Amino acid sequence: MTKLSAKIPEGPISKKWVNHKNNIRLVSPANKRLIDVIVVGTGLAGGSAAATLAELGYNVKSFCFQDSPRRAHSIAAQGGINAAKNYQGDGDSIHRLFYDTVKGGDYRSREANVYRLAEVSANIIDQCVAQGVPFARDYGGLLDNRSFGGVLVSRTFYAKGQTGQQLLLGAYSAMNRQIAKGKIQMFNRHEMMDLVKVNGKARGIITRNLINGKIERHSAHAVVIASGGYGNLFYLSTNAMGSNVSASWKIHKKGAYFANPCFTQIHPTCIPVSGDHQSKLTLMSESLRNDGRIWVPKSKSDSLAIREGRLKPVDLAEDKRDYYLERRYPAFGNLVPRDVASRAAKERCDSGFGINKTGEAVFLDFASAIIRYGKEKAHLKGLDENNLSLVKELGKEVIKSKYGNLFQMYEKIVDQNPYETPMMIYPAVHYTMGGVWVDYNLMTTIPGCFAVGEANFSDHGANRLGASALMQGLADGYFVLPYTIGDYLADDIRTGSISTDSKEFEEAEKSVKNKIELLVNNNGTKTVDYFHKKLGKIIWNKCGMSRNVKELNEAIEEIQLLRKDFYKNISIPGTENSFNEPLAKAVRVSDFLELGELFAKDALERTESCGGHFREESQTKEGEALRDDKNFAFVSAWENKGDPSEAILHKEELIYENIELKTRSYK
Amino acid sequence: MKLKLKIWRQKNSNDKGKIVSYDIENISPDMSFLEMMDVLNEQLTVKGIDPVAFDHDCREGICGSCSMFINGEAHGPDRLVTTCQLHMRKFKNGDTIYIEPFRANSFPVIKDLVVDRSSFDRIQHAGGYISVNTSGNTQDANSIPIEKKNADKAFDAATCIGCGACVATCKNSSAMLFVSAKVSQFSLLPQGKIEANERVLNMVKQMDEEGFGNCTNTGACEVECPKGISLENIARMNRDFLKAKISS
């Protein structure tokens, strides 16, 4: 085990980024034209990075597995994006956003990175507005804000429940401008199959054309991985069906360390699982906790009555309801961070208070918000505030204008009207804080290979706050990577274009072809989904919202067996040289089967509880997570040695100079 | 539920293609339409038959990938939803369901229900953006106040997911609703006004070059649009186009 250095610049935290930008090497505009950069993924991080790199003058090759860059899964982000603008005058500042994010991450993120994130956050909003992103506005024509979990200010900018869509379409439009100019060469329906290293440096990738199966070589002077997170390890998650870990995993196997794989975000407000047929879960934005109150009945008999359909939730009297977040965390109430809210829901359901058929759901109730808004509106219009049906109608209009699309989505899936009866929700896998280890410049342990957005690990520690993923994706892509990458590329101005005829490219291509042939020609009997579902069950049951030594060890063993079973019994229909989704999926699942083991191993190694990682052995008397700063104030960065069981742990020590390490309290 | 599925099968873009029948049982009304397709595909795979290819990704109605023509309607019988949000409770036991790709000359079939919609991307390349570089020095976001009414309209236009239901539905295979949504989003905002003339001319030119048909105001696109994009956008684009044509 060695100690890792993140190469954090010297100086006070508020000057680090400015000084660093002033001192890193630049590449002249004339030389940028001689340099190629590959960007894998076109979500917020990849799309914004590709556009900005191209604007700066680099030749960009951009890859996505979807049929258009606009479909990357950032599109599905709902609630909003944080920025320290302090437009509401409620005391927000760069320092406060920095502090909230480090605290929210349960003191497992890197101070210098988080400060930089808070610093550039305001620029993101300016940039997006200039691009024509239609954020929500108030009647004065200025930008509106709302609150998210774990903070006491309103700093979240939003576009109804479609903020991710609008931001992504902004980045996509910036890409389109560069595609039109020929500065970005776009490869849709292409999957990255491997990284190519030449003399130890990242120099290209091998891809598979998903339409005709053609294996292709692409070279560049640097490779940027922006392929998102690995929540689909759990099979059921809020990720898109195609979201995968493969690009990150391939570079891990070529030498990039993988950091904190077990740090997963289980989001508290998702539509509960309804049956075995389910293919994915749907999030109900955290923004709903601005106005929705979470509760279960106080007595188990009432829960049972609701479960069996004998009692309607709206008919249960106020004093028989347990608003457990407001009870346990009076200071933050329904707006506690996600990990806290999720565990509290699990606790109530495990204790027998769950309210749907499976016993795994709690209520998210808008009745009091509807009345509150309705009265405000009635007062404003000079109407009768005591006319309950009028007040309700007016209140519903306000709720509709804020969350209309979310309510519609809920109604379509559950077949219940959430304006009339409370929503049912339960936690589900949503985001992965862990990812490829990167230094301050966002470079991995492979020279020339960078990772941005959810694919890297750097900013969210052990728990991400709401509306921070969009902020990080765009910060990395618009404002950080395009500058830090220059420091590396300054050495490449005389290199000339990289040939794909080298033995390194040939070998990488050959190993990709071998793997595909192995999968296609294996005459097994089980489908890819069979294995993916099994893997997901193991991870959810034994490495999910709470973890213990016994089950983690079992999980490791079971995943190893499942992996053997996969290579023995997988059956893939069709051929390798055609549009073949089961084949594409099999490659992704084969990587999940390796990551899953490392994930459990990482969770086993970290015997403390922190953020979303809850070890049953490490909790307070009240059942809150108990951190162990003395032994675990570090980033776990795993080095690949072939099999996941042989991975070697490296530690990056986390030093807190600006924020005091404290027990996180939202009471 | 027990259903008869009649699905368009086409090996690749050169294949002629045909409708093939499949029987399927034990479908729960709580399943989404695509989950029903998953069940079918698992069954086909086990039997050694090539599963039905279809585009899908987010399965929550926002990415715009899914694109099925179900019983003669883009995204099926329900309103304001994409295929992935359509649930089997909208069908009855014993129903026969016809499933075809989004058809248009500008959307060639790749395989089965998967079509190539890159023509949409090329229209966006022609002008679907505001020319502003990333600098970190753009003016403060609140220095451009925008009337709420226009901000809301721009947002409504911007919610287009680029699925192509409008084209598949239109008897002329017109892409006017799609193109006008982007043109409108920008022409309603002060930031977008600067390049408005050039944008509308270039995007319409590209739309025509891609082979999309003309608009004859039947309004079918608005009815079938999963995001409820309004025909008003087409009217706005026509006005913008005319103005730009005269002043150029």
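All values reported here derive from a predicted model rather than from experimental measurement.

**Student:** Tell me about helix H17 (residues 581-605) of chain A, and please be specific about residues and values.
**Tutor:** For H17(A), which comprises 25 residues, the first-to-last C-alpha distance of 36 Å matches the rise-based estimate of 36 Å (1.5 Å per residue) to within 8%. Burial analysis of H17(A) places 20 of its 25 residues in the buried class, the great majority of the element.

**Student:** Pulling in residues and values, what's your account of the confidence of the model for chain B?
**Tutor:** Close inspection of predicted coordinates is inappropriate for parts of the model with low pLDDT. Of the residues in chain B, 100% have a pLDDT of 70 or more, and the chain-wide mean is 97. Predicted complex, confidence summary: ipTM 0.98, pTM 0.97.

**Student:** Tell me about the domain arrangement of chain B, and name the residues and values.
**Tutor:** All names here are of chain B. The assigned domain composition of chain B is domain 1 (3-111) and domain 2 (118-247). One C-alpha centre belongs to domain 1, the other to domain 2; they are set 29 Å apart. Counted by class, the side of domain 1 that touches domain 2 contains nine nonpolar, seven polar and two charged residues.

**Student:** Let's hear about the domain arrangement of chain A: which residues, and what values?
**Tutor:** Residues and elements named next belong to chain A. As assigned here, chain A comprises domain 1 (269-428) and domain 2 (502-633). On a C-alpha basis, the centres of domain 1 and domain 2 stand 34 Å from each other. Between domain 1 and domain 2, the contact holds six residues from the first and five residues from the second. The dominant element in the side of domain 1 that touches domain 2, judged by the number of residues it contributes, is helix H10 (residues 338-350), at five residues. Across the side of domain 1 that touches domain 2, the residue classes tally to one nonpolar, one polar and four charged.

**Student:** Lay out the nonpolar core with the relevant residues and their values.
**Tutor:** Residue and element names in this part refer to chain A. If you look at the biggest cluster of nonpolar residues, it comprises 277 residues, and the most contacted ones within it are Val224, Ile225, Val362, Val436 and Phe450. The leading source of residues in this core is helix H13 (residues 469-489), at twelve residues. Excluding residues within four positions of it along the chain, Val436 makes contact with Ile225, Ser248, Ile251, His252, Ala256, Phe258, Ala259, Thr444, Ala451, Ala455, Asn456 and Phe457.

**Student:** Please give an account of the sheet that holds strand S17 (residues 449-451) of chain A that cites residues and values.
**Tutor:** Residue and element names in this part refer to chain A. Taken in spatial order, the five strands of this open sheet run S5-S2-S1-S9-S17, and their pairing is parallel. The sheet terminates laterally at strand S5 (184-187) and S17, the two strands that pair on one side only. Along the sheet, successive strands turn relative to each other by an average axial angle of 20°, direction set aside. With four bridges connecting them, strand S2 (residues 59-63) and S5 associate as parallel partners. Paired with Phe63 across the strands is Phe187, a residue of S5. In this fold helix H3 (residues 44-56) packs onto strand S1 (36-40), S2, S5 and strand S9 (222-225), with an angle of close to 165° to the strand it touches most, S1.

**Student:** A description of the interface of chain B and chain A should follow, citing residues and the corresponding values.
**Tutor:** Listed per partner, the contact involves 69 residues of chain B and 65 residues of chain A. Classifying every residue of the side of chain B that touches chain A gives 27 nonpolar, 26 polar and 16 charged.

**Student:** So what about the sheet that holds strand S16 (residues 435-436) of chain A? Which residues, and what values?
**Tutor:** Strand pairs in the sheet, formed through backbone hydrogen bonds, run parallel or antiparallel to each other. All names here are of chain A. Across the sheet, four strands lie side by side as S16-S10-S18-S19; this open sheet has antiparallel pairing. Looking at the sheet topology across the chains shown, the edges are occupied by S16 and strand S19 (648-653). Across two bridges, the pairing between strand S10 (residues 258-259) and strand S18 (residues 634-639) is antiparallel. Pairing of Phe258 across the sheet is with Trp638, part of S18. Seen against the sheet, H17 touches S10, S18 and S19 and runs at an angle of roughly 145° to S18.

The rules behind the values
- Here, residues in each chain are numbered from 1, in the same order as that chain's written sequence.
- Working convention: letters from A go to chains and numbers from 1 go to ligands, in the order in which they are written.
- For a predicted model such as this one, the threshold for reporting local features is a pLDDT of at least 70, and the threshold for listing and counting side-chain atom pairs is 80 or more; totals across whole chains, interfaces and linings nevertheless cover every residue.
- Note on conventions: DSSP H or I runs of at least 4 residues are helices, E runs of at least 2 residues are strands, and numbering of each starts at the N terminus.
- By this rule, a helix spans an expected 1.5 Å times one less than how many residues it contains.
- Once C-beta atoms are placed from the backbone, each residue is buried if 20 or more other C-beta atoms lie within 10 Å of its own, exposed if 12 or fewer, and partly exposed for counts between those two.
- Confidence of the prediction at every residue is given by pLDDT, a number between 0 and 100.
- These domain limits were set by an automatic method or by a database of domain assignments.
- All amino acids are sorted into three groups, where Ala, Val, Leu, Ile, Met, Phe, Trp, Tyr, Cys and Pro are nonpolar, Asp, Glu, Lys and Arg are charged, and the leftover types, Gly among them, are polar.
- By definition, residue pairs are in contact when their C-beta atoms, positioned from the backbone, come within 7 Å.
- We define a nonpolar core as a collection of buried residues of the types Ala, Val, Leu, Ile, Met, Phe, Trp, Tyr and Cys that are connected via C-beta atoms lying within 7 Å of each other.
- Only strands joined by at least two bridges in the DSSP assignment are considered to pair.
- Convention adopted: a line fitted to C-alpha atoms gives each axis, helices being fitted over their contacting stretch, and angles between N-to-C directions are expressed from 0 to 180 degrees.

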